[in-house]
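Each chain is listed here by its residues.
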Amino acid sequence: MTPDLMEEGARRAERVAALARGGATESGGRQAGFSRPVVRGEVDTTHGRILYLEDVNVSFDGFKAINGLSLDIAPGELRCIIGPNGAGKTTMMDIITGKTRPDSGQVFFGSTIDLLRYREADIAAMGIGRKFQKPTVFEHLSVFENLELALATDKGVRHSMVFSLTGEEKDRLGEVLQTIHLADSAARLAGNLSHGQKQWLEIGMLLMQDPKLLLLDEPVAGMTDEETERTAQLFLSLKGKHSLMVVEHDMSFIRTISEKVTVLCDGSVLAEGTLDQVQADERVIEVYLGR
Ligand code: ADP
Ligand code: MG
């Protein structure tokens, strides 16, 4: 394992342990005091939104990384986010997942859950799953064990990482293995998978927790063309059941999966529409697509 993966592994293990204790992972910092009981029930989407950001702002040392950002996502939607490097795409995901606290603005999960009142671990437990750029699976464990472990984070009451699955959990694990095209590789060590397969495994680990909203940051970076195409089909199969927010630079991938595309630039929405609409937008061509 690389030091990075070991670090993520350690963090994930801490998350598992913290959830098993019934608490969150962090106790200090500016997130302290935001603790609320975690609700893992239905999200109120009667207003047609699973996620809602309104006039969100965040500065780092005086630099406005997010600047009056407003955006909403419909239940079951697959939203693509594009934009130049430094546009604030990753920071937006940090805000939604509770990793970064905005200076001002509103961030709601459905109509009633104010995400700014919750900590990172609580937000994950509510059903917002996040996939970072680099795959962070446990390389020394099998595909099956990785998925099993992802379930442990969901249960919250496990005292050890060794436990037996209920019938329902076994079914879910089997379904996820099919979904991520790894049914024939369940016993393989994650460390022996291709880059693309590791990415799918990590998506599978998120799916084990049955997230309502999935945030995916540059999921096909480094994948072969064939893996990219399979990932596109995977995402298309997930939409409807889950809501997805996908940040990617790969335009042919975006073309395959996209309905509505949001272009971020300088921390706010520059354009929104179909891929054809935003690609024809002069301002988008200027800042992102190039002439
Ligand atoms: P993107 O993902 O669209 O490439 P980011 O959200 O990573 O953009 O970054 C937006 C801007 O905010 C960049 O200029 C970046 O350097 C800055 N930034 C992001 N996170 C931090 C941080 N924790 N501290 C200081 N600056 C940051
Ligand atoms: Mg980024």
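What you are looking at is a predicted structure, and each value in this text was computed from that prediction instead of being measured. (Residues numbered from 1 in each chain as written. Chains lettered and ligands numbered in written order. Predicted model: local features only at pLDDT ≥ 70, side-chain atom pairs only at ≥ 80, totals over all residues. Heavy atoms only, no water.)

**Student:** Looking at this structure, how should I read the nonpolar core?
**Tutor:** One recurring pattern in soluble globular proteins: nonpolar side chains tend to sit buried together. Ranked by internal contacts, the top residues of the largest apolar core, which has 47 residues, are Leu 147, Leu 201 and Phe 235. Here this core gets 6 residues from one element, more than from any other, and that element is helix α6 (residues 195–207). Here Leu 147 is in contact with Leu 173, Val 176, Leu 177, Leu 201, Gly 204, Met 205 and Met 208, once residues within four sequence places are set aside. In terms of nonpolar packing, the next biggest core, distinct from the first, is built from 31 residues, Val 43, Ile 50, Ile 81 and Met 92 among them. (Core = buried A, V, L, I, M, F, W, Y, C linked by side-chain atoms within 4.5 Å. Buried < 20%, exposed > 50% of the residue type's maximum accessible area, 1.4 Å probe, protein only. Helix = DSSP H or I, 4+ residues; strand = E, 2+ residues; numbered from the N terminus. Contact = heavy atoms within 4.5 Å.)

**Student:** How do you make sense of helix α5 (residues 167–179) when you look at a structure like this?
**Tutor:** Because an α-helix packs 3.6 residues into every turn, residues spaced three or four apart end up facing the same way. The first and last C-alpha atoms of α5 sit 18 Å apart over 13 residues, in line with the 18 Å expected at 1.5 Å per residue. Taken together, the buried positions of α5 are Glu 169, Leu 173, Val 176 and Leu 177. Axial view of α5: buried residues confined to an arc of 105°, hence all on one face. Exposed side of α5, more than 90 degrees from the buried face: Glu 168, Asp 171, Glu 175 and Gln 178 are the residues found there. His 181 lies just past α5 and shows a positive phi near 60°. (Expected span 1.5 Å × (residues − 1). Arc of directions from axis to C-beta.)

**Student:** Even after reading the chapter, I still don't get the sheet that holds strand β4 (residues 104–109), so can you show me in this structure?
**Tutor:** What the 4 strands build is an open sheet, ordered β2-β1-β4-β5; its pairing is antiparallel. Of all the strands in the sheet, just β2 (63–73) and β5 (113–114) have a single pairing partner and so form its edges. Of the pairings in the sheet, the one linking strand β1 (residues 51–60) to β4 comprises 5 bridges and is antiparallel in character. If you follow Leu 51 over to β4, its bridge partner there is Phe 109. (Pairing = 2+ DSSP bridges.)

**Student:** How should I be thinking about the pairing of β1 in this particular structure?
**Tutor:** A regular strand carries its side chains on alternate faces of the sheet. Relative to β2, β1 runs antiparallel, the two being bridged by 8 bridges. Note on β2: the bridge partner recorded for Ser 59 is Lys 64. The loop that links β1 with its antiparallel partner β2 comprises 2 residues; one of these, Asp 61, has a positive phi angle of about 50°.

**Student:** Explain the site of ligand 1 here, please?
**Tutor:** Neighbouring residues of ligand 1: Phe 60, Phe 63, Ala 65, Pro 84, Asn 85, Gly 86, Ala 87, Gly 88, Lys 89, Thr 90 and Thr 91. Between Gly 86 and ligand 1, the recorded distance is 2.8 Å, taken from a backbone N or O atom to an oxygen atom. The separation between an oxygen atom of ligand 1 and a polar main-chain atom of Ala 87 is 3.1 Å. About the coverage of ligand 1: the protein hides 59% of its 560 Å² of free accessible area. Secondary structure elements with two or more residues in the shell around ligand 1: β2 and α2 (89–96). By residue number, the principal contributor to the shell around ligand 1 is α2, which donates 3 residues. Broken down by class, the residue content of the shell around ligand 1 amounts to 5 nonpolar, 5 polar and 1 charged. (Near = heavy atom within 4 Å. Polar contact = N/O pair within 3.5 Å; in protein donor to acceptor, adjacent residues only side chain to side chain. Areas by Shrake-Rupley, 256 points an atom, 1.4 Å probe, with all protein chains shown as cover. Nonpolar A, V, L, I, M, F, W, Y, C, P; charged D, E, K, R; others polar.)

**Student:** I'm lost on the sheet that holds strand β9 (residues 261–265) in this one. Help?
**Tutor:** What the 6 strands build is an open sheet, ordered β6-β7-β8-β3-β9-β10; its pairing is mixed. Single-partner strands in this sheet number two, and they are β6 (128–131) and β10 (268–273). Between one strand axis and the next, the sheet turns through 20° on average, direction left out of account. Inspection of the sheet shows β9 paired to β10 by 5 bridges, in the antiparallel sense. By the bridge assignment for β10, Cys 265 is matched with Ser 268. Running at roughly 150° to strand β8 (residues 243–247), helix α7 (residues 225–238) makes contact with β3 (78–82), β7 (213–217) and β8 of the sheet. (Axes fitted to C-alpha atoms, helices over the stretch in contact; angles between N-to-C directions.)

**Student:** What is the right way to look at the pattern of salt bridges in this model?
**Tutor:** As a working rule, side chains carrying opposite charge can pair if their charged atoms are close by. Per the counting criterion, the structure on display carries 11 salt bridges. Between Asp 94 and Arg 130 there is a salt bridge; the shortest N-O distance is 2.8 Å. With a gap of 36 residues between them, Asp 94 in helix α2 and Arg 130 in strand β6 connect regions that are remote in the sequence. Residue Asp 94 is classed as buried on the basis of its relative accessible area of 11%. Between Lys 241 and Asp 210 there is a salt bridge; the shortest N-O distance is 3.6 Å. On the criterion of sequence distance, the pair formed by Lys 241 in the loop between α7 and β8 and Asp 210 in the loop between α6 and β7 is long-range, its members being 31 residues apart. The class for Lys 241 is exposed, based on a relative accessible area of 64%. If you follow the salt bridges from partner to partner, you end up with Glu 77, Arg 79, Lys 260 and Glu 272 in one network. (Salt bridge = Lys/Arg side-chain N within 4 Å of Asp/Glu carboxyl O.)

**Student:** Looking at this structure, I do not really get α7. What am I missing?
**Tutor:** Counted at 1.5 Å a residue, the expected span for α7 with its 14 residues is 20 Å, and the 20 Å between its end C-alpha atoms agrees. Every buried residue belonging to α7 is among Glu 227, Thr 228, Thr 231, Ala 232, Leu 234, Phe 235 and Leu 238, and all of these are buried. Considered in projection along α7, the buried side chains sweep an arc of 165° and stay on one side of the axis. Across α7 from its buried face, at more than 90 degrees, point the exposed residues Asp 225, Glu 226 and Ser 237. At the exit of α7 stands Gly 240, carrying a positive phi of roughly 95°.

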